[in-house]
Amino acid sequence: MKQIFLLLLFSINVSVAFAQPGNKISGVVKEGSGKQISGATVSLLNSKDSLLVKTAVANNEGLFEFFQIKSGGYFVSVSAVGYKKLYSKKFEVQEGDVLLESISLDQSNKDLGGVTVTAQKPFVETKIDRTVVNVDASPTSAAATALDILEKSPGIMVSHDGFISLRGKEGVIVMMDGKQTFLSPADLTNLLRNTPASALDQIEIMTNPSSKFDAAGNSGIINIKTKKGRAAGFNGSVMIGATTSIYNLDGKTLFIPKSQNSINFNYRKNKINFFGNYNPNFFRGRNTMHFDTRFLNNDKELTGYGTTDTRFIFRGDNHTLKLGLDVFANKKNVFGVVVSGFTFLGRPRPTTVADLLSTNGQLENRLVSFTDNNFSFKNFTGNVNWKHNFDSTGKELTMDFDYVKYSSETDMVLTTNYYDGNLRSTGRTLLKGNLPSEIDIYSFKTDFVMPVKDGRFEAGVKISYVNNDNLVDYERSFDEQTWERDNIRSNHFIYKENINAGYVTYNKKIKKWTVQGGLRVENTIGEGHQIISNTKFRRDTTNFFPTAFVSYALSDKNTFTVNYGRRITRPNYQDLNPFIFFLDTLSYRKGNIYLKPQLTHNVELTHAFKGKFITTLNYNHTDNVISQIVKPESGFSKIRFLTVDNVASFRNIGIALTTPVTIAKWWNTNIFTNVFNNRFKGMVDTFAVDVAFTSFSINVTNNFTIAKGFTAELSGFYRHKGLNNLSIAEPVYQMGFGLQKQIMKTKGTIRLNVRDPFAWQVFRGLNKYGLTDADYSIRPDIRQVTATFTWRFGGNGQNNQPRRRAGSSEDEQGRAGQGNQ
C-alpha cells in the first residue's frame with residue numbers, strides 16, 4: 001500500500017511539473033574538439049546597457065540554464081580557466097524558451113611561464129545535495145590514506161573494525177570513481193588503508209541519492225574520486241613520502257616505518273586523452289586489543305570470566321595502477337576505456353594470551369596462540385564506454401560495460417599452547433588453513449538524458465552478474481609431523497547473483513520551486529550452494545525504490561529542501577559465506593547463508609543559508625537490520641564467534657549543522673555537528689533487545705594562511721558515547737596539524753603532518769546483549785609523523801578534465817568480500 005501511494009505521489013508531481021509554463025535560456029559550452037566544458041561561468045547581460053542579469057555555471061555536460069527571464073534583448077559572456085573569454089551575439093527573448101547555438105571556446109595561448117593555475121578550494125564544500133571534501137586542500141592529507149581522510153570528513157565515523165557509518169547510520173555504500181568497491185567491511189578497510197590520499201581528488205558524501213544511483217546503501221553513498229589529468233599536453237605530478245608511527249608498548253617507544261608514493265600523469269592532444277596513476281607503498285604496523293568477558297549460561301547465570309590480550313604485528317606491500325584513454329571521435333561521439341588493478345601482499349601476525357577464570361577469579365586455564373598469516377589480494381577492473389550527443393541541448397546516450405575480478409588467498413598456521421591453572425603445559429595443537437576466493441563480476445548499463453521544457457528527463461537500465469567461489473581447507477596436527485584434514489571446518493561455497501534494474505527521473509523548475517521525482521525497479525536472483533553439505537538456496541525478489549525531491553527558494557539567501565528515498569542493503573558476499581575463519585583458538589568469524597536484505601526509508605529536511613550554512617533534519621527507519629554480533633558457541637559457552645544476522649529494526653533521528661566561518665582573512669574554519677538518536681529493537685539469542693542512545697559528533701577544520709604559498713591546518717574530531725551496531729562505544733577523539741609550503745615557483749610542495757600527537761584515539765566499548773557480556777579496548781598505531789614532497793610537471797590548468805566514468809558495477813563491487821585477513 002505504501003508503494004502504491006508513493007508511486008501516485010510521484011505521478012502527481014511529474015504531471016504538475018509538466019503543466020507549468022515559463023521562459024528559459026539554455027545552451028551548451030564546448031571546446032573545439034566538441035568536448036563539453038564543465039564549470040564554465042556564463043553571465044547573462046542586458047543588450048541595452050550590458051548590465052548583469054544572472055549568472056550560471058555549466059554542469060558536467062557543459063549545459064547552462066537561466067530561468068524566469070523577462071522579454072527583451074540579451075547576450076552572454078562565457079569564461080573558463082585556460083580558455084579565452086567569449087561574448088555571444090545579441091538575441092531576443094519573447095514568449096517561449098530560447099536555445100542558443102553551441103558555444104565553442106578557444107584555449108588560451110597566453111604563456112604562463114610554467115606557473116600552475118590553481119583555485120583556492122576549501123577542504124569542505126557544502127552543496128544542496130551533497131558534501132564535497134577537497135583532499136588536496138588539506139595540509140594534513142600529506143601521506144594520509146583514504147581511510148584517514150574519511151575519518152575526518154563531516155558526518156563519517158569509522159569504527160575499530162572498519163565499519164563506516166554516516167551521520168550515525170550504518171549501511172553506507174563506498175564507491176571509487178562511481179564504481180562500488182564490492183568489499184566486505186574488513187576488506188574495504190584494507191583497501192582504503194592502503195590507498196594513499198595523494199591519489200584522491202574529492203570525496204562526495206550523499207545521504208539520499210536519486211533513482212539514477214543503485215538503491216543499495218541505507219544511509220547513503222560515499223563516492224571517492226581519484227585524480228585525473230586536466231590540462232592539454234603532457235603533465236602530472238610525482239609524490240614521495242615517509243611516515244613513522246610512534247607507538248608505546250611495555251614502556252618502550254617503537255618507531256614504525258611506512259611509505260606513500262604516487263605518480264599521476266595526463267597526455268592530451270587533439271582528439272586523444274591518455275591518463276593514469278601508479279601508487280607503490282609499503283607499511284609496517286602495530287595494534288593491541290584487550291577483552292574482559294563475563295561468561296553466561298542459557299539462564300544468564302555467571303559461569304566464569306575471561307581476559308584476552310592480542311598483539312598484532314602487520315607488514316604489507318601494495319601497488320595500484322590505473323590507465324585510461326578517451327577518444328573524441330567527432331563532435332557527437334566519445335569512446336573510452338579504463339583499466340585498473342590493485343595488488344596487496346600482507347603478513348598479519350597476532351599473538352594472543354587468553355586466561356579462563358572461575359567465578360571467584362581463580363585461573364583455570366591459559367591459552368597462548370600465535371597465527372602466521374600470508375595474505376594476497378588482487379583486483380582487476382576494466383571499463384569500456386561510449387557517449388553520444390544527439391545535439392547541443394544536452395540530449396545524450398551513454399553506455400558502459402564493466403568486468404571486475406577479485407582474487408584472494410590466505411595461508412595460515414594457528415599454533416596454540418595450553419596451560420593449566422598453575423601454568424603447567426598441558427598440550428599443543430596446530431591448525432593449518434588455505435582459504436582462496438574468486439569473484440567475477442560482469443555488468444552493463446545505459447543512461448539516456450533529454451532536456452525538456454523547463455526540466456530534464458533521465459532513464460536507464462542496468463544488468464549485472466556475479467559469480468563468487470570460495471574454498472577453505474583446514475588440517476589439524478598435535479605434533480607438527482602428522483596432519484589430518486578437518487572435515488568439520490573445511491568447506492566449499494559458491495554464490496551466483498543476477499540483478500536487473502531500470503529507472504526514470506524527472507526534474508523541473510517552477511518559479512521558486514524545484515521538483516524532482518524518480519522510480520527505480522530492481523529484480524534480484526541469488527543462488528547459493530554449500531558443496532560439502534549440499535545445502536542450496538535461491539531467492540528471487542523484485543523491489544520498487546521511489547525518490548522525491550522538492551526545493552523552495554524563499555529568497556536569495558534561504559532555500560528549503562525536503563526529500564524522500566527508499567533504499568536496500570543486500571548482504572555482502574562474505575557475510576553470506578558460511579566459512580569459519582579463526583582469529584585465535586577461542587574466537588572465530590563465520591557468515592550466514594540465511595541473511596535477508598534490509599530495507600530503509602529515508603526522509604530529510606534541509607535549510608541552506610547563503611548556500612553555505614546547512615541545517616538538515618533526518619529520519620531513517622530500517623527493517624531486518626544486518627548487524628555484526630558476537631555469540632557463544634553452542635555447547636561450550638567460553639568460545640565466542642563473530643557473525644552477522646538480521647537482528648532488529650533500527651530507527652535514527654538526527655540534526656546536522658555545517659558551519660563555515662571566516663574568522664580573519666588568514667583564518668577559515670569549518671564546523672560540522674551531528675546530534676542523533678539511534679534505537680535498535682529485536683531479538684538476539686532468543687533474548688529481546690531494546691536499546692536506544694543519543695549521541696553527537698563534531699568535526700572542526702581550521703585553515704591558516706601564514707604567508708604567500710605557506711599554509712597550515714589544525715583539525716580534529718570528537719565522537720561521543722553511542723551505539724556501534726549493538727555495541728556501546730565509548731567516546732573517540734583525535735586532533736592533528738599540518739604545514740604546507742609551495743616551492744620551485746609553485747611547481748613543488750613540501751608537507752609536514754602530525755596525526756594524533758598525544759595518542760588520544762583509543763577504541764573502547766561494551767558488548768552486552770543476549771548471552772554476550774564483554775568490555776573491549778583497542779589501540780592502533782595512529783600517532784604518526786609524515787613528510788612528503790610533491791613535484792608537478794607540465795601545464796596544470798583546470799581545464800580539459802577527462803570524463804569520469806561511473807561504470808556499470810557500482811553496487812556489486814561494494815558487496816564483494818574475501819574476509820581472509
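Since this is a predicted model, take the numbers as computed values, not measurements.

1. Section: the overall build of the protein chain
Across its full length, the protein chain holds 5 helices and 47 strands. The 821 residues of the protein chain split such that 55% are buried. At a minimum sequence separation of 6, the contacts of the protein chain that also span at least 24 residues come to 68%. Here the protein chain displays about 34,700 Å² of accessible surface, and carbon together with sulfur accounts for 58% of that area.

2. Quick word on the pattern of salt bridges
A complete count under the given rule lists 25 salt bridges for this structure. Salt-bridge contacts for Asp 447 lead to Lys 445; the nearest nitrogen and oxygen are separated by 4.0 Å. Both residues of the pair, Asp 447 and Lys 445, belong to the buried class. For Glu 522, the salt bridge is made with Arg 570, and the minimal N-O distance between the two is 2.5 Å. Residue Glu 522 is located in strand S30 (residues 513-530), and its partner Arg 570 is located in the loop between strand S32 (558-569) and helix H4 (573-576); the two are separated by 48 residues in the primary sequence. Note on accessibility: Glu 522 and Arg 570 belong to one class, buried. Residues participating in the shared-partner salt-bridge network are Arg 294, Lys 768, Asp 773 and Asp 775.

3. Observations regarding the pairing of strand S36 (residues 613-633)
Alignment of strand S35 (residues 598-609) against S36, held across 11 bridges, turns out to be antiparallel. Paired with Glu 604 across the strands is Asn 618, a residue of S36. A loop of 3 residues connects S35 with S36, the two strands running antiparallel in sequence, and Lys 610 in this loop sits at a positive phi of about 60 degrees.

4. Description of the confidence of the model for the protein chain
Counting all residues, the mean pLDDT for the protein chain is 82, and 85% of those residues have values of 70 or more. Taken together, the stretch residues 1-22 has pLDDT below 50 and engages in 24 contacts with residues farther than four places along the chain or on a different chain. Ignoring residues within four places in sequence, the model shows residues 817-821, a span with pLDDT below 50, making 36 contacts including any to other chains.

5. Observations concerning the nonpolar core
If you look at the biggest cluster of nonpolar residues, it comprises 37 residues, and the most contacted ones within it are Tyr 474, Phe 493 and Phe 582. Aside from chain neighbours lying at most four places away, what touches Phe 493 is Asn 468, Asp 469, Asn 470, Gly 528, His 529, Gln 530, Phe 537, Leu 576, Asn 577, Pro 578, Phe 579 and Ile 593.

6. So, the packing of aromatic side chains
Counted by the stated rule, this structure contains 29 aromatic pairs. For the ring pair Trp 791 and Phe 793, a centre distance of 5.3 Å and an interplane angle of 40 degrees mean the geometry is tilted. Note on Trp 791: relative accessible area 37%, which makes it partly exposed. An aromatic cluster is present here, built from Phe 283, Phe 342, Phe 344, Phe 375, Phe 377 and Tyr 406 joined pairwise through their rings. The aromatic ring of Phe 687 is capped on one face by Lys 300, whose charged end is 4.6 Å from the ring centroid. Geometry around Tyr 247 places Arg 779 over its ring, the cationic atom sitting 4.4 Å from the centre.

7. Quick look at the environment of Asp 645
The topology assignment puts Asp 645 in strand S37 (residues 636-664). For Asp 645, a relative accessible area of 25% translates into the label partly exposed. The spatial distance from the C-alpha of Asp 645 to the C-alpha of Gly 591 is 8.7 Å, given a sequence separation of 54 residues. In this view, Asp 645 contacts Asn 592, Leu 595, Val 625, Ile 626, Ser 627 and Ile 629; residues no more than four positions away in its chain are not counted.

8. Section: the side chain of Asn 498
Within the secondary structure, Asn 498 is located in strand S29 (residues 491-510). On the basis of relative accessibility, which here comes to 19%, the residue Asn 498 falls in the buried class. A distance of 2.9 Å separates a polar atom in the side chain of Asn 498 from the backbone oxygen of Ser 464. Apart from residues lying up to four places away in sequence, Asn 498 is in contact with Ile 463, Ser 464, Tyr 465, Asn 523, Thr 524 and Ile 525.

9. Observations concerning the pairing of strand S23 (residues 349-357)
Note: strand S21 (residues 302-328) against S23, 9 bridges, orientation antiparallel. In the strand pairing of S23, Gly 306 is matched with Leu 356. Relative to strand S24 (residues 363-389), S23 runs antiparallel, the two sharing 7 bridges. Note on S24: the bridge partner recorded for Thr 352 is Ser 369. The turn linking S23 back onto S24 is made up of 5 residues, and Gly 361 within it adopts a positive phi angle of 90 degrees.

10. Re the side chain of Asn 702
Examined against the element boundaries, Asn 702 turns out to sit in strand S39 (residues 687-707). Within the structure, Asn 702 has its side chain in polar contact with the side chain of Trp 667 (distance 3.1 Å).

11. Side note on the environment of Pro 209
With respect to the helices and strands, the residue Pro 209 is situated in the loop between strand S16 (200-206) and strand S17 (221-226). Residues Pro 209 and Arg 566 lie 357 residues apart in sequence; the distance between their C-alpha atoms is 10.0 Å. Excluding residues within four positions of it along the chain, Pro 209 makes contact with Gly 220, Ile 221, Thr 547 and Arg 567.

What counts and how
Residues numbered from 1 in each chain as written. Predicted model: local features only at pLDDT ≥ 70, side-chain atom pairs only at ≥ 80, totals over all residues. Heavy atoms only, no water. Helix = DSSP H or I, 4+ residues; strand = E, 2+ residues; numbered from the N terminus. Buried < 20%, exposed > 50% of the residue type's maximum accessible area, 1.4 Å probe, protein only. Contact = heavy atoms within 4.5 Å. Areas by Shrake-Rupley, 256 points an atom, 1.4 Å probe, with all protein chains shown as cover. Salt bridge = Lys/Arg side-chain N within 4 Å of Asp/Glu carboxyl O. Pairing = 2+ DSSP bridges. pLDDT = per-residue confidence, 0-100. Core = buried A, V, L, I, M, F, W, Y, C linked by side-chain atoms within 4.5 Å. Phe/Tyr/Trp six-rings, centres within 6.5 Å; stacked < 30°, edge-to-face > 60°. Lys NZ or Arg CZ within 6 Å of the ring centre and 35° of its normal. Polar contact = N/O pair within 3.5 Å; in protein donor to acceptor, adjacent residues only side chain to side chain.

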